[in-house]
Amino acid sequence: MAFFLLIGWTLIFMAVVSYKRLKANRLNQAAEDAFWNRENAANSTRKKDISNLDYVDFSGVSLPFALFEDDLLRQCETQVLALKEKKILNLTGISNTDLKLAYGPANLAELTQCDQNFTLLARTLNTWGQRLHELSHTQEAICVLAFAVSIRSDIRATWQLLAELYHTSGDIDKIREMKESAGELNSLNKTLILAMLEEYIIG
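Starting afresh in each chain, residues are numbered from 1 along the sequence in its written order. With the structure being a predicted model, the display of local features is reserved for residues of pLDDT at least 70 and the display and counting of side-chain atom pairs for 80 or more, all residues being used for whole-chain, interface and lining totals. As a convention, hydrogens and water are excluded, and side-chain values are obtained from all of the structure's heavy atoms.

**Thoughts on the side chain of Thr124**
Going by this rule: Secondary structure elements are defined from DSSP: runs of H or I of at least 4 residues count as helices, runs of E of at least 2 residues count as strands, and each element is numbered from the N terminus. Think of it in three bands: residues with accessible area under 20% of the maximum for their type are buried, residues over 50% are exposed, and the middle band is partly exposed, with areas taken using a 1.4 Å probe on protein chains only.
For Thr124, the position within the fold is in helix H4 (residues 108–134). By relative accessible area, which is 8% here, Thr124 ends up buried.

The following block contains the structure:
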């Protein structure tokens, strides 16, 4: 009797496993079909005008160029000055398929370059701000890091150092403003950044 019960339970277990495997395969196939349908639609999208997108704007921005003698500072300043002459877009969290759907595949190469320019700018501003802080140029560091935050850099170290500097000076309202800005990030780091800022606010 026990033998037949064992056989029965084994057959039931195998049936359940088989059903779950078939269900998973159907879901995977549906997801793959949906992806390729969107990709085909994206590749068929007509070219759109991208001249009025939210490019990074340096006008009215005063950054601390050529104030201090330091090799790393000079490298950062040179890189930022070079990027000022290029088109820069923050496309963090937006897939190539989404870009093609929105603006057409003919614009993908240019948009990708604009996004790469943004990544380089965000990293350079972070290095620049960190180095200024290391050299005890606090206000200049705040200036650079605040600009990085204003263009929605998602580098957590940028946000953390700026929050730390504001916290040290007792300017909690600035951290609250940062938290509002962080809420608009389209990045996997958004949750971590928001949690970190909340700690500075309540601490």
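That was the structure; now back to the text.
**Quick look at the nonpolar core**
Quick reminder of the rule: For this analysis, a nonpolar core means a set of buried residues of the types Ala, Val, Leu, Ile, Met, Phe, Trp, Tyr and Cys, connected via side-chain atoms within 4.5 Å. For this analysis, residues touch if any pair of their heavy atoms sits within 4.5 Å.
If you look at the biggest cluster of nonpolar residues, it comprises 38 residues, and the most contacted ones within it are Leu121, Leu125, Trp128, Trp159 and Leu197. When contributions to this core are tallied by element, the ones reaching two or more residues are helix H2 (71–83), H4, helix H5 (138–150), helix H6 (156–168), helix H7 (172–182) and helix H8 (190–202). For this core, the element with the highest residue contribution is H5, accounting for 7 residues. Those residues in contact with Leu197 that sit more than four places away from it in its chain are Trp159, Ala163, Ile175, Met178, Lys179 and Ala182. Within the second largest apolar cluster, 8 residues are counted, among which are Leu91, Leu99, Leu111 and Cys114.

**Observations regarding the pattern of salt bridges**
Using the following cut-off: Note on definitions: salt bridges are taken to be side-chain nitrogens of Lys or Arg within 4 Å of carboxyl oxygens of Asp or Glu.
Applying the stated rule across the entire model yields 8 salt bridges. A salt bridge links Arg131 to Asp70; the shortest N-O distance between them is 2.8 Å. With Arg131 in helix H4 and Asp70 in the loop between helix H1 (2–43) and H2, this residue pair connects regions lying 61 residues apart in the sequence. Assessed through its relative accessible area of 21%, Arg131 is described here as partly exposed. Of the charged contacts, one joins Asp173 and Arg176 as a salt bridge, the two residues approaching to 2.8 Å between their closest N and O atoms. Residue Asp173 and its partner Arg176 are located together in helix H7, separated by 3 residues, close to a single helical turn.

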